[in-house]
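An overview of the molecular structure
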Amino acid sequence: LAAMSLTVSATTPLWLRQAKISPNGKEIAFSYKGDIWKVAATGGTAVRLTSQDSYESYPQWSPDGTQIAFASDRKGNFDVYVMPSQGGSAKRLTTNSAGEVPAGFSADGKYVYFGAVIQDPAESALFPTSALGELYKVSVEGGRTVQVLATPAENISFSRDGNTMLYHDCKGFEDQWRKHHRSPITRDIWLKSGDKFKQLTTFNGENRDPIWAADGKSFYY
């Protein structure tokens, strides 16, 4: 029995992380053993999209499903890259020495939003800590980054018209893998519309990874 257990554990892939379903619902991108993979939503053989010696993670689909943004440390720290969703060469979008992790695409697919601890505005730098980063965006063509929010906004999802943005917050450091966590520091879902913010969840456990439903009036998380 012990030998059988070892055999099963050696062949069963574990720790398939950061699963993201494609906009058309047909494919799922995920990270596994430091690479980006994808598989049909109906199941089957997964396809490996990256093969660098570096660590790749946090895949995010573009709205049209043609591109995947991800984080890679192939230059020493996490930077944001983008590549064709069918596989191919990846383009580096960020070059800051801070660690940058993609949070999603803009509704028109022209920008990648990402989180990083780079620079708090002077008027809001009340509790500087690496646990509380900022939200930025950068063109899919590369270039200068722009700060969008001085507060953390993770795993964003834009409405089709791009006017409203769902995201989950980060109130402080807490291991995201901690099971059954209940406390005031757990994540909640927020809605940003223009300059107005609205908290949508109040459950004292984890509320994460919002994504708009097809009707544009409700969401899953």
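All of the points below concern the structure found in this document.

Thresholds, definitions, all that
Residues numbered from 1 in each chain as written. Predicted model: local features only at pLDDT ≥ 70, side-chain atom pairs only at ≥ 80, totals over all residues. Heavy atoms only, no water. Patch = residues over 30% accessible without salt bridge, like charges linked within 9 Å, V, L, I, M, F, W, Y side chains within 5 Å. Areas by Shrake-Rupley, 256 points an atom, 1.4 Å probe, with all protein chains shown as cover. Salt bridge = Lys/Arg side-chain N within 4 Å of Asp/Glu carboxyl O. Helix = DSSP H or I, 4+ residues; strand = E, 2+ residues; numbered from the N terminus. Buried < 20%, exposed > 50% of the residue type's maximum accessible area, 1.4 Å probe, protein only. Phe/Tyr/Trp six-rings, centres within 6.5 Å; stacked < 30°, edge-to-face > 60°. Lys NZ or Arg CZ within 6 Å of the ring centre and 35° of its normal. Contact = heavy atoms within 4.5 Å.

A few points about a nonpolar patch on the surface
- Nonpolar side chains collect at one region of the surface, where Leu14, Trp15 and Trp177 lie side by side and expose about 370 Å² of accessible area between them.
- Structurally, the position occupied by Trp177 is in the loop between β14 (164-168) and β15 (189-193).
- Residue classification places Trp177 among the partly exposed residues on the basis of a relative accessible area of 39%.

Observations concerning the packing of aromatic side chains
- Throughout the structure, instances matching the rule amount to seven aromatic pairs.
- Each ring, one from Trp15 and one from Trp177, has its centre 6.0 Å from the other, and the planes form 90°; the classification is edge-to-face. Of the two residues, Trp15 is situated in the loop between α1 (2-11) and β1 (17-21) and Trp177 in the loop between β14 and β15; the sequence distance between them amounts to 162 residues.
- A ring pair is formed by Tyr32 and Trp37, whose centres lie 6.1 Å apart and whose planes are at 65°; its orientation type is edge-to-face.
- Here Tyr32 falls in the buried class, since its relative accessible area comes to 17%.
- Taking the ring centre of Tyr81 as reference, the NZ or CZ of Arg74 above it sits at 4.7 Å.
- One residue, Lys137, lies across the ring of Tyr111, its end atom 4.5 Å from the ring centre.

Remarks on the side chain of Ser85
- When you line up the elements, Ser85 lands in the loop between β7 (79-84) and β8 (91-92).
- Here Ser85 falls in the buried class, since its relative accessible area comes to 2%.
- In this structure Ser85 touches Lys38, Leu49, Trp61, Gly65, Thr66, Gln67 and Ile68, once residues within four positions along its chain are discounted.

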